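# Geometric and topological summary
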Amino acid sequence: MNSATIQLIMQGIAAAISAAPQVIAVANKAREFVAELFSARVITIEQQNKMMAHIGEMQAAALAGAKPPHWEVEPDPVP
Amino acid sequence: MKNILSILTVALLLTGCAHRLEPGGAYYPPGQQADFALYAADAAYDLAYSTLDTVFKVERDNRAALFAISPNIKHALDDLRLRAWGVNVRWAHARQAYLANPVPSNLTALQEVLAHAQQLAVTAQAVIPNGGNP
């Protein structure tokens, strides 16, 4: 295994570590979503209002064309 | 996480008629019927959007390393970025229409856009593990 290959593997590991907190956040959201849908408990006023406000902000941003920077298509990096 | 969005789509269908909303909330206003279908659609869209957002952010934050592993990762996600933003704008318009006029046809339109977003999210989350081949 040459040094370039090792470097690529190390970069891949660094990328995975860097991504972990974000992936965990999405996984937690999925878990909460499933729990809410399948559990017998009532979705409270507070939960409803929080969801409506959050989704309302997403909707307003989309209608205003407020695209996050990481959703933009950018030129390929120069090696 | 693989295929979790597909499972959630089934969950959405199975529970779409349930009424477990506390009266008085945004989805069950006083004097009106509960709108669990909208709540479920909103929660599912939030999850699909979050998945796309996370994949796009992870790739951008680690672009140099991932591009060195395979340029196809960025290229595949760039294609999805364009499509996902178009779907996001369509979703916003569909939701706006449903809120203004909450009839079944508008709910169906909203759910169709949601299904499209979920498909894109499933595709996006497979891009990095598969080296750019969704």
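Owing to the predicted nature of the structure, the values given are computational and were not obtained by experimental measurement. (Residues numbered from 1 in each chain as written. Chains lettered and ligands numbered in written order. Predicted model: local features only at pLDDT ≥ 70, side-chain atom pairs only at ≥ 80, totals over all residues. Heavy atoms only, no water.)

### Side note on the overall build of chain B
Test applied: For the purposes of this entry, the term helix denotes a DSSP run of H or I that reaches at least four residues, the term strand denotes a run of E that reaches at least two, and both are numbered from the N terminus. Residue burial is assigned from relative accessible area. The probe radius is 1.4 Å, only protein chains are included, and a residue is buried under 20% of its type maximum, exposed over 50%, and partly exposed in between. Note on definitions: a residue-residue contact is assigned when non-hydrogen atoms from the two residues lie within 4.5 Å. All accessible areas in this document rest on Shrake-Rupley with a 1.4 Å probe, and a residue is counted as covered only by the protein chains that are shown.
On a plain count of helices and strands, chain B comes out with five helices and zero strands. Its helices and strands in sequence order give chain B the pattern α-α-α-α-α, from N to C terminus. A burial count over chain B gives 51% of its 134 residues as buried. When contacts within chain B are restricted to residue pairs at least 6 apart in sequence, those whose partners lie at least 24 apart make up 62%. Approximately 5900 Å² of chain B is accessible, and the part contributed by carbon and sulfur atoms is 58%.

### A closer look at the confidence of the model for chain B
Residues and elements named next belong to chain B. Put simply, the rule is: Values of pLDDT, which run from 0 to 100, indicate the predictor's confidence residue by residue.
Averaged over all residues, the pLDDT of chain B equals 88, while 85% of them reach at least 70. Looking at the elements of chain B, mean pLDDT is at its lowest for helix α1 (residues 4-15), recorded as 50, and at its highest for helix α4 (residues 71-100), recorded as 97. Model confidence for the complex: the whole-complex pTM is 0.81, and ipTM, which rates the interface, is 0.84.

### Quick look at the interface of chain A and chain B
What counts is decided by this rule: The buried area of a pairing is the accessible area, by a 1.4 Å probe, that goes missing from both parts when the two are put together, added over both. The salt bridge definition used is simple: a Lys or Arg side-chain nitrogen within 4 Å of an Asp or Glu carboxyl oxygen.
Counting from both sides, the interface comprises 50 residues of chain A and, opposite them, 58 residues of chain B. Here chain A packs against chain B, burying approximately 4800 Å² in sum over the two surfaces, 69% of which is carbon and sulfur. Where chain A meets chain B, there are three salt bridges. With its nearest N and O atoms 3.0 Å apart, the salt bridge here joins A:D76 to B:K74.

### Quick look at helix α2 (residues 45-63) of chain A
All names here are of chain A. Short version of the rule: The length a helix should cover is 1.5 Å for every residue beyond the first. Directions from the helix axis toward the C-beta atoms define the arc.
Taking 1.5 Å as the rise per residue, α2 with 19 residues should run 27 Å; its terminal C-alpha atoms sit 26 Å apart, in good agreement. Those residues of α2 lying buried are Q48, M51, I55, M58, Q59 and A62. The buried residues of α2 occupy an angular sector of 100° when the element is viewed end-on, so they sit on one face. Exposed side of α2, more than 90 degrees from the buried face: E46, K50 and E57 are the residues found there.

### Some details on the pattern of salt bridges
This structure, assessed with the given rule, holds eleven salt bridges over all chains. Between B:R81 and B:E59 there is a salt bridge whose closest N-O contact spans 2.7 Å. Of this pair, B:R81 sits in helix α4 while B:E59 is found in helix α2 (residues 36-61), placing the two residues 22 residues apart along the sequence. Salt bridges sharing common partners tie together A:E74, A:D76, B:E59, B:R60, B:R63, B:K74, B:D78 and B:R81.

### Quick notes on the packing of α2(A) against α4(B)
We count it as follows: Simply put, an axis is a line fit to the C-alpha atoms, just over the touching stretch for a helix, and the angle between two N-to-C directions goes from 0 to 180 degrees. Each angle receives one of four descriptions, namely roughly parallel if under 35 degrees, roughly antiparallel if over 145, roughly perpendicular if within 65 to 115, and oblique otherwise. Handedness of a crossing is defined here by the sense of rotation of the near helix relative to the far one, left-handed for an anticlockwise turn of less than a right angle and right-handed for a clockwise turn. Polar here means any residue other than Ala, Val, Leu, Ile, Met, Phe, Trp, Tyr, Cys and Pro, which are nonpolar, and Asp, Glu, Lys and Arg, which are charged; Gly is therefore polar.
It is the contact of α2(A) with α4(B), at a shortest axis distance of 9 Å, that shows an interaxial angle of 120°. As summarised for this structure, α2(A) and α4(B) are arranged oblique, according to the angle between their axes. Here the hand of the crossing between α2(A) and α4(B) comes out left-handed. Counting all contacts with α2(A), which are made through A:M52, A:I55, A:G56, A:M58, A:Q59, A:A61, A:A62 and A:L63, the residues of α4(B) involved are B:W85, B:N88, B:V89, B:W91, B:A92, B:H93, B:R95, B:Q96 and B:L99. Broken down by class, the residue content of the contact of α2(A) with α4(B) amounts to eleven nonpolar, five polar and one charged.

### Points about the packing of aromatic side chains
For any two aromatic rings, the description comes down to two numbers: the centre-to-centre distance and the angle of the planes. As a reminder of what qualifies: Centres within 6.5 Å are what make two rings of Phe, Tyr or Trp a pair, Trp counting through its six-membered ring; a difference in plane orientation under 30 degrees is then read as stacked, over 60 as edge-to-face, and the rest as tilted.
Under the definition given, this model contains seven aromatic pairs over all chains. Each ring, one from A:W71 and one from B:F56, has its centre 4.9 Å from the other, and the planes form 85°; the classification is edge-to-face. On the criterion of chain membership, the pair formed by A:W71 in the segment after α2 and B:F56 in helix α2 is interchain, its members lying in two chains. Residue classification places A:W71 among the buried residues on the basis of a relative accessible area of 1%. Overall, B:F56 belongs to the buried group, its relative accessible area being 0%. Their ring planes at 35° and their centres at 6.4 Å tell us that B:Y45 and B:Y49 sit as a pair that is tilted. Placement of the pair is B:Y45 and B:Y49 together in helix α2, with a separation of four residues, close to one helical turn.

### Re the side chain of B:N88
The following threshold applies: Under this definition, polar contacts are N or O atom pairs within 3.5 Å; protein pairs additionally need one hydrogen-donor-capable and one acceptor-capable atom, and for neighbouring residues in sequence, both atoms have to be side-chain atoms.
If you trace the backbone, B:N88 turns up in helix α4. The buried category is assigned to B:N88, whose relative accessible area is 2%. Looking at B:N88, its side chain comes within polar contact range of the side chain of B:Y45, at 2.6 Å. When residues no more than four places from it in sequence are discounted, the contact partners of B:N88 are A:A62, B:Y45 and B:Y49.

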